[in-house]
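Chain and residue survey
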Amino acid sequence: MPQRTLTSTELEQLVLGACLLGGGGGGPLSGAQPLLDYLRRNRLTVTLAGLADLPADTPGAVVAGIGAPNAASQSGDFTEAPLNAFRRYAKLLDTPPGAVLPAEVGAMNSLIPAVVAAQTGLPLIDADSAGRALPTLNLAAFNLAAPPSPLLLANQPAAGQEGVSITLNAANASQTDSLVRANLSATDDTGSSLFGSVGAFSTWALTPAQLAHSSVTGSTSRAIRLGAALRRVQTEGGDAVAAVRTALDGQLTVLAQGTIRAVELSEAGGFDRLQITLAADDGRIVHVLAVNENLIAFAEGSAAPLAAAPDTLAWLTDDGHPLSNSEIRPDTALRASVHLGRRISLLGIPAAPILREPVLANGFSALLAQLGYYGTAPALPV
């Protein structure tokens, strides 16, 4: 596709569509709004480019936010950390990045690279590592091309303070991810947090030739199309699920519809671990287990899960609003989810085929085993 400038409306649509496709993760909607405001206030433009539009020997580099979603929702104007990470990572490379590459799809992590693209004047690549959000780096399709090393991790500095950054080198993505999580919880000698459980990273400088076999192409455009459909439902009414199904060319399964009955949360190591329980309209009790992202759904009394990662499990309200798990998690002050009793649809979206590659599929299986599921998860129909 030819390079094109995204409109302000398309960026808003990107956030909506990416929130649904993120499957509960990829950053909260509340964290995306300050980024949209920043782009408007500074009159910055974002140019979207396909792989074929880029010079063959020029790499694009990943930039994204990482850490506990609740911390991300409280990070305010998260515009310095990603830019610092990207620029400092670029200095480590022999060939500087000629484009900005999204790591994943999500409300914040589809917009953060767009902001960095606007800040640097570089194009935003219409591709990512999964077509969804991911809880850990080892699940990214980019690993089929190269490990995420070196990785530059930067914090969002407080007003008037200099930013903190660290360069990490490791043999593989699992080791890199562990080092990132450890640093996000690091403190100085006074006990003050250096990162506040959230930061931005830059890594994976990959050429178009490498991305051709290690990415999900067209993911930003797909999120924009989906977001446009959701916005129409929000403003004009209509069947939200039907609108999503049409926007996704029929690649959608309704796993359950009902009301949110309970939300249980534990936080550890830069992750939100949730169990969300639905009282389904058909009488079933459905549980969804999440580690930042929704990973598996099952109905009580059923031997097999309804769906599991790498397929995407997403939340959608009847009036067309996607929800991330940051919105569903218990409110800190109320100690309960503000969405308890709300009617919602749990939707299943089939995984991009590249996520079924053995090395990536095994990573998802290992993650599901940590949640107590050791079987073979059924794949949603394409």
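Remember, it's a predicted structure, so these values are computed and weren't measured experimentally. (Residues numbered from 1 in each chain as written. Predicted model: local features only at pLDDT ≥ 70, side-chain atom pairs only at ≥ 80, totals over all residues. Heavy atoms only, no water.)

Moving on, we get to the sheet that holds strand β12 (residues 271-280). The strand order β15-β14-β13-β12-β11-β18-β16-β17 describes an open sheet built from eight strands, whose pairing is antiparallel. Taken across any chain shown, the strands that pair with only one partner, and hence form the sheet edges, are β15 (307-308) and β17 (322-323). Summarising the sheet, strand β13 (residues 285-291) and strand β14 (residues 293-299) pair through six bridges and their orientation is antiparallel. Its bridge partner lying in β14, H287 is registered against F298. (Pairing = 2+ DSSP bridges. Helix = DSSP H or I, 4+ residues; strand = E, 2+ residues; numbered from the N terminus.)

Okay, the packing of helix α1 (residues 8-21) against helix α2 (residues 29-41) next. The geometry of α1 relative to α2 is characterised by a closest axis approach of 11 Å and an angle of 165° between their N-to-C directions. By the angle between their axes, α1 is roughly antiparallel relative to α2. The way α1 lies across α2 gives a crossing that is right-handed. Contact with α1, carried on its side by S8, L11, E12, V15 and C19, involves L29, A32, L36, L39 and R40 of α2 and no other residues of that element. (Axes fitted to C-alpha atoms, helices over the stretch in contact; angles between N-to-C directions. Parallel < 35°, antiparallel > 145°, perpendicular 65-115°, else oblique. Left-handed = near helix turned anticlockwise from the far one by under 90°. Contact = heavy atoms within 4.5 Å.)

Residue position: H339 is located in the loop between α10 (325-328) and β18 (343-349). For H339, the residues in contact, after removing those within four places along its chain, are I260, L323, E327 and I328.

For the pair α1 and helix α8 (residues 219-236), interaxial distance at closest approach is 6 Å and the crossing angle is 95°. The angle between α1 and α8 places the two elements in the roughly perpendicular class. Each of E10, E12, Q13, L14, L16, G17, A18, L20 and L21 in α1 lies in contact with α8, whose residues at this interface are T220, R222, A223, I224, L226, G227, A228, L230, R231 and Q234. Its residues assigned to classes, the contact of α1 with α8 comprises ten nonpolar, five polar and four charged. (Nonpolar A, V, L, I, M, F, W, Y, C, P; charged D, E, K, R; others polar.)

Turning next to helix α9 (residues 240-247). Buried residues of α9: A240, V241, A243, V244 and A247, and no others. Buried residues of α9, seen end-on, are gathered within an arc of 160° and therefore sit on one face of the element. On its buried face, α9 sits against α1, α8, β11 (253-268), β16 (312-317) and β18. At the N-terminal end of α9, a side-chain oxygen is found 3.1 Å from the backbone nitrogen of V241, two or three residues along, and the residue is D239. Phi turns positive, to about 55°, at D249, one or two residues after α9. (Buried < 20%, exposed > 50% of the residue type's maximum accessible area, 1.4 Å probe, protein only. Arc of directions from axis to C-beta. Polar contact = N/O pair within 3.5 Å; in protein donor to acceptor, adjacent residues only side chain to side chain.)

Below, the discussion takes up the nonpolar core. Among the nonpolar cores identified, the biggest contains 57 residues, and L11, L111, L226, V244 and L316 are the most heavily contacted of them. For this core, the element with the most residues is α1, which contributes eight residues. Setting aside anything within four residues of it in sequence, one finds L11 in contact with L6, L36, L39, V46 and L111. Of all hydrophobic cores here, the second largest spans 46 residues; its members include A64, L134, V216 and L289. (Core = buried A, V, L, I, M, F, W, Y, C linked by side-chain atoms within 4.5 Å.)

Before going further, it helps to spend a moment on the pairing of β16. Counted residue by residue, β16 has six buried out of six residues, so it is predominantly covered. Of the two faces of β16, the one holding T312, A314 and L316 and the one holding L313, W315 and T317 are both buried throughout. As judged from the six bridges shared by β16 and β18, these two strands associate in the antiparallel manner. Residue L313 lies in a different strand from β18, and its bridge partner there is G348.

Honestly, that's just the spatial picture; any functional story needs more than this.
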